[in-house]
Amino acid sequence: MRIGELAERAGTTTRTLRYYEARGLLPARRTVNGYRDYDEDDLRLLHQIRTLQDFGFDLEDTRPFVECLQAGHPAGDSCPASLDVYRAKLAELDACIGHMMRVRAEVAAQLARAEVEAAARTPGGPEPKCDLAPCDYAAPAPRKDTQP
């Protein structure tokens, strides 16, 4: 297939395919008249690259997966180098999650502190809220016709 068809089937652009080719991730086969020529294996490579990028892998991180597929393995993640990239990505994700959990705990602590300080600055505590119409409730005046 030609570059336009491959781009359409892979859900990308011809410019992206040329970039992958320049980076050595997509083979640069040419027909006798100079057109780029691709097959179903190239489409599999592109799907592997796109899936990994959707997961947050850098383009260069996809190289071991592409090389694994090009070596004839049925899946791009069945080679030791691909497994190493998975392990590195998991470690990176774990570090990010740990950082975000620490940030979240700090923000929650700051919020709790700010709420306590805000309540202390308001005499008598926070203003009462009335869910009904305007809060103009006043206690009824004592009746004058009542005898002791």
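What counts and what doesn't
Residues numbered from 1 in each chain as written. Predicted model: local features only at pLDDT ≥ 70, side-chain atom pairs only at ≥ 80, totals over all residues. Heavy atoms only, no water. Helix = DSSP H or I, 4+ residues; strand = E, 2+ residues; numbered from the N terminus. Buried < 20%, exposed > 50% of the residue type's maximum accessible area, 1.4 Å probe, protein only. Contact = heavy atoms within 4.5 Å. Areas by Shrake-Rupley, 256 points an atom, 1.4 Å probe, with all protein chains shown as cover. Disulfide = S-S within 2.5 Å. Expected span 1.5 Å × (residues − 1). pLDDT = per-residue confidence, 0-100. Core = buried A, V, L, I, M, F, W, Y, C linked by side-chain atoms within 4.5 Å. Phe/Tyr/Trp six-rings, centres within 6.5 Å; stacked < 30°, edge-to-face > 60°. Lys NZ or Arg CZ within 6 Å of the ring centre and 35° of its normal. Axes fitted to C-alpha atoms, helices over the stretch in contact; angles between N-to-C directions. Parallel < 35°, antiparallel > 145°, perpendicular 65-115°, else oblique. Left-handed = near helix turned anticlockwise from the far one by under 90°. Nonpolar A, V, L, I, M, F, W, Y, C, P; charged D, E, K, R; others polar.

The next subject is the overall build of the protein. Secondary structure assignment for the protein yields five helices and zero strands. In the protein, the succession of helices and strands from N to C terminus is α-α-α-α-α. The burial tally for the protein puts 24% of its 148 residues in the buried class. For the protein, restricting intrachain contacts to residue pairs at least 6 apart in sequence, the fraction spanning at least 24 positions comes to 46%. Surface accessibility of the protein: about 11000 Å² in total, with carbon and sulfur atoms responsible for 57%.

In protein chemistry, a disulfide is the covalent bond that joins the sulfur atoms of two cysteines. Taken as a whole, this structure holds one disulfide when the rule is applied. Across a sulfur-sulfur distance of 2.1 Å, C68 and C79 are joined as a disulfide pair. Judged by the sign of its S-S torsion, about 80°, the bond between C68 and C79 is right-handed. Taken together, the residues C68 in helix α4 (residues 63-70) and C79 in the loop between α4 and α5 (80-121) connect sequence positions eleven residues apart.

Along its 42 residues, α5 runs 62 Å from first to last C-alpha, staying within 8% of the 62 Å computed at 1.5 Å per residue. Taken residue by residue, α5 has S82, V85, K89 and G98 as its buried positions. In this fold, the buried residues of α5 make contact with α4.

When pLDDT is averaged along the protein, the result is 85; 82% of the residues meet or exceed 70. A low-confidence stretch, residues 136-140 (pLDDT under 50), is modelled with zero contacts involving residues beyond four sequence positions or located in other chains.

It is worth spelling out the nonpolar core at this point. When a protein is soluble and globular, its nonpolar side chains tend to lie buried together. Counting residues in each nonpolar core, the largest one holds 17 residues, and the members touching the most others are L6, L17, Y20, L26 and L46. Sorting the residues of this core by element identifies α1 (3-10), α2 (14-22), α3 (40-54) and α4 as the ones contributing at least two each. With sequence-adjacent residues up to four places away left out, Y20 is seen in contact with L25, L26, L46, I49, R50, Q53 and L59.

Per the stated rule, a full pass over the model turns up four aromatic pairs. A ring pair is formed by F57 and F65, whose centres lie 6.2 Å apart and whose planes are at 75°; its orientation type is edge-to-face. An aromatic cluster is present here, built from F57, F65 and Y86 joined pairwise through their rings. Over the ring of Y35 we find R2, and its NZ or CZ is 4.0 Å from the ring centre. Between the NZ or CZ atom of K89 and the centre of the ring of F57, over which it lies, the distance is 5.4 Å.

Attention shifts here to α4. Taking burial as the measure, the eight residues of α4 include six buried ones, the bulk of the element. Of all the residues in α4, the buried ones are R63, P64, F65, V66, C68 and L69. Buried residues in α4 make contact with α3 and α5. Positive phi shows up at G72, right after α4, with a value of about 100°.

This part takes up the packing of α1 against α3. The angle between the axes and the distance between the axes are what describe a pair of packed helices. Interhelical geometry of α1 versus α3 gives an angle of 45° and a closest axis separation of 10 Å. Here α1 is positioned oblique relative to α3, judged by the angle of their axes. Regarding α1 and α3, the two cross each other, and that crossing is right-handed. Contact residues: α1 offers L6, R9 and A10, while α3 offers E40, D42, L43, L46, H47 and R50. Among the residues forming the contact of α1 with α3, the class breakdown is four nonpolar, one polar and four charged.

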